[in-house]
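Each chain, written out:
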Amino acid sequence: MSDYIENPELNEEESNNVEQTMQDVLDEALSIEVGDTVKGEVLSIQDRQAIVGIIGGGVEGVIPYNELSAKPFDEVTEILNVGDVVDLVVIKQIKDKENGSFLLSKRRVDAKIVWKDIQDKFENNEIIEAPVKDVVKGGLVVDVGVRGFVPASMVEDHFVEDFSSYKGKVMTFKIVELEPSENRLILSHKAVVETEKEANKGKLMDELVAGDIVEGTVARLTNFGAFVDLGGVDGLVHISQIAHEHVKNPGDVLAIGQAVKVKILSIDKENGRVSLSIKDTLAGPWNAIAEKAPIGAVLTGVVKRLTSFGAFVEVFPGVEGLVHISQISHQHIATPHEVLQEGQEIQVKVLDAKEDEQRLSLSIKALEEKAVNEAAEEKREKKEKKTEEYVADDSDGNFTLADLLGDKLSGLKDDSEA
């Protein structure tokens with residue numbers, strides 16, 4: 001300012017005007033405060049940062065590399081070029097004014113615009129689309145111009161063990177919670193999926209017909225059955241309808257994501273419930289039972305139930321035959337519990353098989369009778385063999401009883417004659 005005063009070419013009035021103008025500029029520059037939004041013109045790009053002149057402020061500022069943009073970039077010129085005029089936010093005043101009087105940020109201005117846009121969409125309940133930037137412990141990091149987070153429980157409407165395949169994937173989200181002052185943005189893809197399913201559920205329910213066999217995907221497993229996704233509607237396969245044989249745990253025979261065929265048993269449109277059966281789409285265990293268990297065949301089975309009138313023995317998965325109490329033993333028994341126990345493995349003989357009635361008559365006694373006959377036959381054969389051996393010895397010249405007593409009898413005869 002002293003340079004202008006000492007300039008001999010300026011008269012006193014001109015010097016006063018120059019001095020007043022510079023003071024106005026300084027006063028305006030000093031009125032800039034941290035947090036203010038200003039306009040700046042890019043004057044130069046140096047060392048991965050932009051030097052800008054604050055329009056109307058008469059001072060310069062610097063935009064460091066990390067305050068240029070929230071989006072990934074390599075070169076400053078991808079974001080700004082010399083001559084560009086942009087809105088900037090004042091971060092702080094720089095005491096060392098070698099590179100400008102203020103530290104400025106374009107990234108934060110952009111973020112404010114993004115937050116405003118997100119706020120509007122949140123209030124209008126709009127769905128947003130964005131790429132998954134990273135997979136972290138507890139969920140997904142999403143880039144919507146600002147950092148968004150999707151908790152693991154809000155990614156899908158079913159359990160996902162590994163989220164690694166989600167990185168880079170573009171997905172739709174519902175805004176659940178936001179707090180710009182804390183840079184907090186919580187998103188949910190699960191909410192989008194559930195909304196879409198609910199919208200399609202009514203239409204799909206109208207298309208389902210009881211008795212039809214359709215394809216679905218196992219969505220969830222519980223201790224009482226499996227929920228199968230039919231394309232927007234989940235139906236329940238009760239544990240008793242999973243297979244013909246007894247199933248203790250649905251997870252033993254089914255897996256989440258597995259494609260299955262199911263028969264629609266019933267539809268409750270009012271409550272949105274569908275009952276399904278996998279068992280009814282499978283060949284029954286009683287099919288061709290006469291070929292699998294012909295009369296007279298000996299099978300190995302397990303005693304499943306004991307009653308007062310006999311024992312039910314499972315000889316094939318899902319196929320139980322009855323051993324009537326009269327067919328358990330040759331000995332008289334009051335109850336089957338006297339000679340059998342549940343879980344015991346035994347052999348049985350097929351007496352009769354009726355596929356249409358799903359009835360199989362079995363016998364334990366018949367096998368015991370056979371064993372007794374075989375023992376008697378063996379004993380008889382041994383006796384006959386012993387007799388044959390004795391006769392064979394006699395024919396080979398060995399002495400008989402008559403031979404041994406012949407001379408003595410002859411002697412007695414001579415004495416009597418004398």
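These numbers were taken from a predicted model, which means no experiment stands behind them. (Residues numbered from 1 in each chain as written. Predicted model: local features only at pLDDT ≥ 70, side-chain atom pairs only at ≥ 80, totals over all residues. Heavy atoms only, no water.)

Visitor: Just to check I follow, could you spell out the overall build of the protein for this structure?
Guide: Across its full length, the protein carries seven helices and 20 strands. When each of the 418 residues of the protein is scored for burial, the buried share is 33%. For the protein, restricting intrachain contacts to residue pairs at least 6 apart in sequence, the fraction spanning at least 24 positions comes to 56%. Summed over its atoms, the accessible surface of the protein is roughly 26300 Å², and 49% of this surface lies on carbon and sulfur atoms. (Helix = DSSP H or I, 4+ residues; strand = E, 2+ residues; numbered from the N terminus. Buried < 20%, exposed > 50% of the residue type's maximum accessible area, 1.4 Å probe, protein only. Contact = heavy atoms within 4.5 Å. Areas by Shrake-Rupley, 256 points an atom, 1.4 Å probe, with all protein chains shown as cover.)

Visitor: Explanation requested: the pattern of salt bridges in the structure shown.
Guide: For side chains bearing opposite charge, pairing can occur when the charged atoms are close. One pass over the structure, following the stated rule, counts 12 salt bridges. In this structure, K39 engages D87 in a salt bridge whose closest nitrogen and oxygen atoms are separated by 2.9 Å. One end of the pair, K39, is in strand β1 (residues 37-46); the other, D87, is in strand β4 (residues 85-93), with 48 residues separating them in the sequence. A residue is classified by how much of its surface remains accessible, and K39, at 45% relative accessible area, is partly exposed. Salt bridges here are not isolated pairs; linked through shared partners, they connect E67, R107 and R108. (Salt bridge = Lys/Arg side-chain N within 4 Å of Asp/Glu carboxyl O.)

Visitor: Honestly, the packing of aromatic side chains in this entry has me stumped. Any pointers?
Guide: Aromatic ring pairs are described here by two measures, namely the spacing of the ring centres and the angle between the planes. Summed over the entire model, instances satisfying the criterion amount to four aromatic pairs. Seen from the ring of Y166, K169 lies directly overhead, with NZ or CZ sitting 4.9 Å from the centre. R220 extends its terminal NZ or CZ atom over the ring of F227, reaching a point 4.1 Å from the ring centre. (Phe/Tyr/Trp six-rings, centres within 6.5 Å; stacked < 30°, edge-to-face > 60°. Lys NZ or Arg CZ within 6 Å of the ring centre and 35° of its normal.)

Visitor: Honestly, the environment of L306 in this entry has me stumped. Any pointers?
Guide: Tracing the backbone shows L306 in strand β16 (residues 298-307). Ignoring anything within four residues of it in the chain, the contact list for L306 reads A311, P336, H337, L340, Q341 and E342.

Visitor: Looking at this model, I keep getting lost on the nonpolar core. Mind explaining?
Guide: One recurring pattern in soluble globular proteins: nonpolar side chains tend to sit buried together. Among the nonpolar cores identified, the biggest contains 23 residues, and V315, V348, L360 and L362 are the most heavily contacted of them. Looking at this core, the elements that each hand over two or more residues are β16, β17 (310-316), β18 (319-324), β19 (345-354) and β20 (359-363). Looking at this core, the element that brings in the most residues is β19, giving four residues. A130, V144, M171 and L185 belong to the second largest nonpolar core, which has 22 residues in total. (Core = buried A, V, L, I, M, F, W, Y, C linked by side-chain atoms within 4.5 Å.)

Visitor: How should the side chain of H189 be read in this particular structure?
Guide: Its location among the elements puts H189 in the loop between β10 (184-188) and α4 (190-207). In this structure H189 comes out as buried when scored by relative accessible area, which is 12%. Ignoring sequence-local partners within four residues, the contact set of H189 consists of V150, M154, V155, E156, M171, T172 and F173.

Visitor: So what exactly am I meant to see when it comes to the confidence of the model for the protein here?
Guide: Fine structural detail should not be taken from predicted coordinates in areas where pLDDT scores are low. Considering every residue of the protein, the mean pLDDT works out to 83; 80% of them sit at 70 or more. Note that residues 1-8 has pLDDT below 50 and, in this model, six contacts with residues that lie over four places away or in other chains. Note that residues 394-399 has pLDDT below 50 and, in this model, four contacts with residues that lie over four places away or in other chains. (pLDDT = per-residue confidence, 0-100.)

Visitor: Where do I start with the sheet that holds strand β13 (residues 234-238) in this structure?
Guide: The pairing of strands in a sheet happens through backbone hydrogen bonds and is either parallel or antiparallel. Strand order in the closed barrel made by the five strands is β11-β12-β13-β15-β14, with mixed pairing throughout. Direction aside, neighbouring strands of the sheet carry axes that sit 50° apart on average. Here strand β11 (residues 213-222) runs beside strand β14 (residues 259-268); their pairing, made up of five bridges, is antiparallel. Paired with E215 across the two strands is K261, which belongs to β14. (Pairing = 2+ DSSP bridges. Axes fitted to C-alpha atoms, helices over the stretch in contact; angles between N-to-C directions.)

Visitor: Please explain the sheet that holds β4 as it appears in this structure.
Guide: Pairing is mixed in the closed barrel, where five strands are placed in the order β1-β2-β3-β5-β4. On average, adjacent strands in this sheet sit at an angle of 50° to one another, irrespective of strand direction. In the sheet, strand β3 (residues 59-63) pairs with strand β5 (residues 102-105) via two bridges, with the strands oriented parallel. Residue pairing across strands places V62 opposite L103, the latter belonging to β5.

Visitor: Sorry, what's going on with helix α3 (residues 107-123) here?
Guide: Over its 17 residues, α3 runs 24 Å from end to end, which matches the ideal 24 Å to within 8%, given 1.5 Å per residue. Within α3 the residues assigned to the buried category are V109, A111, V114, W115 and I118. Against the buried residues of α3 lie β4, β5, β9 (170-179) and β10. Backbone geometry just after α3 places N125 at a positive phi near 55°. (Expected span 1.5 Å × (residues − 1).)

Visitor: Would you mind going over the environment of E320 with me for this structure?
Guide: Its location among the elements puts E320 in strand β18. A relative accessible area of 26% means that E320 is categorised as partly exposed. Not counting chain neighbours up to four residues away, the residues in contact with E320 comprise W286, K304, R305, F312, V313, E314 and L360.

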